[in-house]
Amino acid sequence: MFVSPMTTYDLAQIGVSSLRADGVGLLGAILDGASTAACFIDAEERIQSWNRTYEDFFPEHKGLLRRGLESIPPGPVTRDVASRLVTWYLAATVPFTPSGSRGLSGTVATVKGEAVQPSSLTLVADTLLPSPVRDAIERRRPKRLVIVPDAGLHQLPFEALLLSAGPRPKYVLDEWPPISYSPSATVLSQLARRAAPAMHLERKLLLVGYSPSEASETTPLPGVATGDDFQSQFSVRGSQFRHVGVVLDGTATALLLHTVRSTNDTASIAMINTDVLDRASLMAGPHPQRHGDWLGATLDFGLREGSRDRAQFRGAVSATTASFVAEGPIGRAKRGAWLTSFRQSYIDWLIRKIYPNIDATLGFTDTQSKASYDVTSRQHVEFVLIAGDARFRNEKASTPNGIKTANSRSALASVAWRYTRDKWLANQRVSFVGSHFTDLGRADQELGTGYARSVFWRGDITAFISKTWSAEVGAKAERQHQNLTQRSYRLVSNLPQLRASASADNDTTLASGWGQVAYRTPTSGVSAGARVTNDSLSGRSVASPWLLGEHTVGAVRLKASVGASHQFPELELQRGLSERRPERATSADAGAEGALPHGLFWQAAGFWRHEQDVIRRTGEDKLVSGKRVTESTFPQFSSALDGRARGVDLVFGRRAPSGLTGWVAYTFAHTREHDRITGEDFDGDFDQRHTVNIFIQERLSYRTAISAKLRIGSNFPMVGYFQGTTDDLHLGPERNQVR
C-alpha cells in the first residue's frame, strides 16, 4: 500500500517480487517525486519495503528495512546475528495500517482474546530465550529478572517477545516475573555484592505528583502520614517533616518547595515533576547516612536519563497544570542524552474565576533538566538543573501583618562524575542550591525577605573486597549562608507603620566523613558504619553510628537495626535560638517479612525512637493561670524537648505482573514530648496514633490500568495551646490537646 497526506490506497494487487532489497525501486522513486509515502506489506501484514518519503513521515522506521530471515545465517548468535535478528523483528512488528495506527497491531495481538497466527515471530524468543532458560526460570521462580543486553539487543523489548502463538498467545510479560535492565554486567556484579539494606530500608516505589500536593502520593506507604492534602510536608513515624532528609540525585536539600517562606499556614507543592522521575525511595528507620545529617527518614529521588534512541517531545494538560517534556540523544554516537521539562500551574487563576470568595491562591512555574554523557566506557558525567518560582496572592489581606503577595524562587545546579573499575566505583559531585523570598503586606510594605545559599562538594568510593565483603567511604564539605529580615507593623490612621524588625546573617561550614563495612551471604547480611560531622558555627562535632542485620530462616526474613543520628539547626532558626546545639536521636527497628503463594507478601516491624535537644517554638499564645500571654513578635525557639516514639508497621499485599496488586498497611505510632525547662508533657506535633494506607491497582492491558488509594487516620493535633473542639475552639493552658 502507499500513503499520501490525504489518501490511503490498497496495493494488494501490485506485485512486489521486483522490489529491490534497498527500497521500492522505480515505483518508490516516482512516488517520492509526488511526495507520497509508500509501504509494501505481504499477506501476513508484515512490512516488506518502503520509500524515502515514508521514512520522512515515520523516521523511527529508518534502519529497519526488512530483507527477510534469509539475511540471517544459521549458526551461533554473534553480535552481528543478534543485531540482524532484532532489526528484522522490529521491522516485522511495526506495520502501518490504513487507519494510521502503528505498533504491534496486526502482527501481535493486543486485544484480549484475539488469536495470533503461527509465524516466525516466535523465532526471536526461541533463539534468545531457549527452552533450558525458560525451564530454569520456571523452576526457580525468581521475583525479578535482570537482563544485560549487548549491542543491538538494547533495542529489543524482551517483555513483548511472543513465546507461543495460537488462540491464546503468550508473551514474556504474561509468563515471567518483572524484568529490569542493567547497562553493564560489571556494574550489576558490583551492586550484587553490596550488603542488602534492612527491611525498612528497602526501596519502594513512590508515585510523586501534584494532586494537589506531593504528600497525597507518598502517604500510601506504611508509617507515612499527613493531615492536610494541600501540604507537601508529611510525617514518617511521628517525626517532624524538617527531620526528613530530601535528596535529589545525590544533592541533599530542603529548599525545593513551592511555598510561602517565613509562614507555616499556606499550601506547599514539591518542585518535582513525575514525568522526569526515575526512582524514589523512603528509608524510615536507622540507615546508612551517606548524604547528610538529619534525625529522621531519608526520601531519595533520582531523575531519569533522556532517551538515547531519538528526540521525543510530549505535553500534558490537567485540570490544574500544563507540562511539557523534551528529550533526546547527544551526538551521533549517542553516548549521552538530554532531558528537560517545564510545568506551569494555573490553578490559582482557575480558583479565582470559579470561587471568587476564596481569599488566597498559590501558583507556580518550574523546570527540571538533566544531561548525561559517557566520556569513556568507565567515565560518566551528569549535569542537573532545577528551578522554580511560586506566587502567592491574597487580595483580601486586612491585618497590618497579613501577606497580600509573596514570591519565592529556588534553584539547584549539580555536576557529577562517576568512574567505574572492576573492583571499585568512585563518585564526585559539586552542587549549588539557592532560594530567595519576599513577602509584601496590604500596602506593599515589606514583611519579610531572605536568601539562603548552599555550596558543597562530596565524594564517595565503593570497594568490592570479595564476594561477601564490601566497603564504602565518603566525604562532604558544605558552605551554608542565610540572611533573613522580618518586620512587624501596626495600623496608624489605617496605614501600616513599622513597629519592630529583626535581622540575622549567618554562615557555617559543615565538614563530614562517613564509612561502612558490609558482609553479605545468600541468607544473611550485616553492615556497620558511622558518620562524623563538624559544624564551624557552633564548633561542635557529632558522630552518628549504625548497625544493620538480617537473616533468612526458611521463607521468613528477619531484620533488625539500631543507630544514632544528629541534626544541626537550620540557619533560618538560628536567630531565635540562644545557643546552637545539635538535635540527637537514637532509634531501633526489628521485624520480619515473608512471601506467600500467588505473589502475596507480608511485613511486620516494630520501631522505637528517643530524641533529645529537639527544637520547639516558645513564646506562643496561651493561657497562664486563666490570663492570656500573647505570643512574641517574632518566633523564638529553644532546644528543650526530649521525646519518645514507638509503634508498629503491618503490611499485607500482592506483587505480580498481572491481576490485582497493591497493599493494605496499618501503622500504630505514639509520640510524646517533654520540655525540660517548663516541665510540660504533650503529644508531638505530628503524633497520629492510627494510620491506614490502602493502594490497589488492576492492569487491564499494557496501555491501561486503574488504581485507587485510601488514607484513614486519627489525625494530628492542632499545634498550639487550644481547648474545646474544632467547632468551638478557645485558647487554653495546655499544648496539642485538640485534634
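Scroll up a little and you will see the structure.
Described below are features of the structure shown in this document. (Residues numbered from 1 in each chain as written. Predicted model: local features only at pLDDT ≥ 70, side-chain atom pairs only at ≥ 80, totals over all residues. Heavy atoms only, no water.)

### A closer look at the packing of aromatic side chains
Step number 1: One pass over the structure, following the stated rule, counts six aromatic pairs.
Step number 2: Taking 6.3 Å as the distance between ring centres and 45 degrees as the angle between the ring planes, the aromatic pair formed by Phe158 and Tyr181 counts as tilted. With a gap of 23 residues between them, Phe158 in the loop between strand E5 (145-147) and strand E6 (162-164) and Tyr181 in strand E8 (residues 179-181) connect regions that are remote in the sequence.
Step number 3: When the ring centre of Phe456 is taken as origin, the NZ or CZ atom of Lys476, which lies over that ring, is 4.6 Å away.
Step number 4: In this structure, Arg655 packs its charged tip against the face of Phe601, placed 3.8 Å from the ring centre. (Phe/Tyr/Trp six-rings, centres within 6.5 Å; stacked < 30°, edge-to-face > 60°. Helix = DSSP H or I, 4+ residues; strand = E, 2+ residues; numbered from the N terminus. Lys NZ or Arg CZ within 6 Å of the ring centre and 35° of its normal.)

### A few points about the pairing of strand E16 (residues 298-303)
Step number 1: In terms of burial, E16 is largely enclosed, as six of its six residues are buried.
Step number 2: Burial of the side chains of E16 extends over both faces: Thr298, Asp300 and Gly302 are buried on one face and Leu299, Phe301 and Leu303 on the other.
Step number 3: Relative to E16, strand E11 (residues 245-248) runs parallel, the two being bridged by four bridges. Across the sheet, the residue bridging to Val247 is Asp300, located in E16.
Step number 4: Bridge count for strand E15 (residues 277-283) against E16 is six bridges, and the pairing is antiparallel. Bridge assignment links Arg279 to a residue of E16, and that residue is Gly302. (Buried < 20%, exposed > 50% of the residue type's maximum accessible area, 1.4 Å probe, protein only. Pairing = 2+ DSSP bridges.)

### Observations concerning the sheet that holds strand E12 (residues 251-252)
Step number 1: With respect to topology, four strands assemble into an open sheet ordered E12-E11-E16-E15, the strand pairing being mixed. Looking at which strands have only one partner, the edges of the open sheet turn out to be E12 and E15.

### A short note on the nonpolar core
Step number 1: Ranked by size, the top nonpolar core spans 26 residues in total, and within it Val236, Phe301 and Ile386 carry the most contacts.
Step number 2: Secondary-structure elements contributing two or more residues to this core are E11, E15, E16 and strand E21 (379-394).
Step number 3: Beyond its immediate sequence surroundings of up to four residues, Val236 is in contact with Gly223, Val224, Val244, Leu282, Ala284 and Ala297.
Step number 4: By size, the runner-up hydrophobic cluster in this structure holds 19 residues, among which are Val86, Leu129, Leu145 and Leu153. (Core = buried A, V, L, I, M, F, W, Y, C linked by side-chain atoms within 4.5 Å. Contact = heavy atoms within 4.5 Å.)

### Some thoughts on the pairing of strand E24 (residues 446-464)
Step number 1: Across 17 bridges, strand E23 (residues 424-440) lies against E24 in antiparallel orientation. Looking at the pairing, Val433 lines up with Ser454 of E24.
Step number 2: In sequence, E23 turns back onto E24 through a hairpin of five residues, with Asp444 there showing a positive phi of about 60 degrees.
Step number 3: Bridge analysis of E24 against strand E25 (residues 469-492) gives 17 bridges, and the strand direction is antiparallel. What sits directly across from Phe456, in E25, is Glu478.
Step number 4: The antiparallel pairing of E24 with E25 creates a hairpin that spans four residues between the two strands.

### Observations concerning the side chain of Glu382
Step number 1: When you line up the elements, Glu382 lands in strand E21.
Step number 2: Once residues lying within four places of it in the same chain are set aside, the contact partners of Glu382 are Asp249, Glu305, Lys370, Ala371, Ser372, Ser414, Val415, Ala416 and Arg429.

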